[in-house]
Amino acid sequence: MSNNQVLILNKKQIDQKINRIAYQILEDNLDEKEVVLAGIWDRGYKIALRLKNILQEIAAIKVTLLRIDLEKENSKLVAKTDLGESEWKNKVIILVDDVLNSGKTLAYGLGVFLNTPHKKIRTVVLVDRSHKIFPIATDFVGLELSTILKEHVGVVIDVEGEEDRVYLS
């Protein structure tokens, strides 16, 4: 870790936050037989995978994992998914990302599901920076963190040779 990085969450704390979020998802979906965890590539998807593993340990609920690839720099919604629409149609969708900053990424992620009927859509972020310029609300949050716009919140998760962490630089 570089000298100009301030550690916000270590590996153990990240695991605790993800575990708590998994239980919140379960509580929100007690009557459901299946949920779809839609992770925004790449860190959102990695968090969604961890959530899936925990949910399968603690509940008898089917969890479908969906990968969303977004062109975040594009001014229009350009997205690809690794599963067809039939896999999420009329189901509970839980959109997962690592950090909520402006809300653009989550807004684009939600756009993937707008033309398909669903039971409900929920959002999960590990860190909410509260700098939204898009009308996005988070349903499940690991950590709400007040930062200035010039600061960067970085998430290292499942990177070979590096310890999981959330840092501010």
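Our structure's up above, just so we're on the same page.
Counting starts from 1 at the beginning of each chain's written sequence and moves along it residue by residue. For a predicted model such as this one, the threshold for reporting local features is a pLDDT of at least 70, and the threshold for listing and counting side-chain atom pairs is 80 or more; totals across whole chains, interfaces and linings nevertheless cover every residue. Water and hydrogen atoms were dropped before computing side-chain values, which therefore reflect all heavy atoms in the structure.

Draft legend 1. Examining the overall build of the protein more closely. The way it works is that DSSP assigns letters per residue, a run of H or I at least four long becomes a helix, a run of E at least two long becomes a strand, and they are numbered from the N terminus. Across its full length, the protein carries 3 helices and 9 strands. Counting from the amino terminus, the protein carries its helices and strands in the arrangement β-α-β-α-β-β-β-α-β-β-β-β. Compactness check: the protein gives a C-alpha radius of gyration of 16 Å against a globular reference of 15 Å for 169 residues, within 12% of the reference. In terms of principal-axis extent, the alpha carbons of the protein reach across some 45 × 40 × 25 Å. The rule is simple: take the accessible area with a 1.4 Å probe, protein chains only, and divide by the maximum for that residue type; under 20% is buried, over 50% is exposed, in between is partly exposed. For the protein, the proportion of its 169 residues judged to be buried stands at 47%. Contacts between residues were defined by any pair of non-hydrogen atoms, one from each residue, lying within 4.5 Å. In the protein, the proportion of contacts linking residues at least 24 apart, taken out of those at least 6 apart, comes to 67%. Residue burial considers only the protein chains on display, and all accessible areas are found by Shrake-Rupley using a 1.4 Å probe. When the accessible surface of the protein is totalled, it reaches about 9000 Å², and 47% of it is carbon and sulfur. When charges are counted, Lys and Arg are positive and Asp and Glu negative, with His and the chain ends excluded. Each charge is placed at NZ for Lys, CZ for Arg, CG for Asp and CD for Glu. Mean positive and mean negative side-chain charge positions of the protein (24 and 25 charges, respectively) differ by 2 Å. Between the two quantities, the radius of gyration covers C-alpha atoms and the globule rule is 2.2 Å times the number of residues to the power 0.38.

Draft legend 2. Structural detail: the pairing of strand β7 (residues 140-144). Burial within β7 is extensive, with 4 of its 5 residues counted as buried. Across 4 bridges, strand β6 (residues 120-128) lies against β7 in parallel orientation. Following the sheet pairing, D128 is matched in β7 by E144. Two strands pair under a simple rule: DSSP has to find at least two bridges between them.

Draft legend 3. Structural detail: the sheet that holds strand β4 (residues 79-81). Taken in spatial order, the 6 strands line up as β4-β3-β2-β5-β6-β7 in an open sheet, and their pairing is mixed. Only two strands of the sheet have a single neighbouring strand rather than two, namely β4 and β7. Neighbouring strand axes in the sheet, compared pairwise and without regard to direction, differ in orientation by 25° on average. Strand direction decides the pairing type here: strand β2 (residues 34-40) and strand β5 (residues 92-100), joined by 5 bridges, are parallel. Residue pairing in the sheet places V35 in a bridge with V92 of β5. Axis lines are fitted through C-alpha atoms, for helices just across the contact stretch, and the angle between N-to-C directions can take any value from 0 to 180 degrees. Across the face of the sheet, helix α2 (residues 43-58) comes into contact with β2, β3 (62-70), β5 and β6 while running at roughly 155° to β2. Lying on the sheet, helix α3 (residues 104-111) is in contact with β2, β3, β5 and β6; it crosses β5 at an angle near 160°.

Draft legend 4. Up close: the packing of helix α1 (residues 11-28) against α2. Between α1 and α2, the shortest axis-to-axis distance is 9 Å and the interhelical angle comes to 60°. Classified by the angle their axes make, α1 and α2 are oblique. Crossing of α1 against α2: the hand is right-handed. Together, I14, D15, I18, N19, I21, A22, Y23, I25 and L26 of α1 and I47, R50, L51, I54, L55 and I58 of α2 make up the contact between the two elements. Note on angle classes: values under 35 degrees are labelled roughly parallel, values over 145 roughly antiparallel, values of 65 to 115 roughly perpendicular, and the remainder oblique. With the far helix as reference, a near helix turned anticlockwise by less than a right angle produces a left-handed crossing, and one turned clockwise produces a right-handed crossing.

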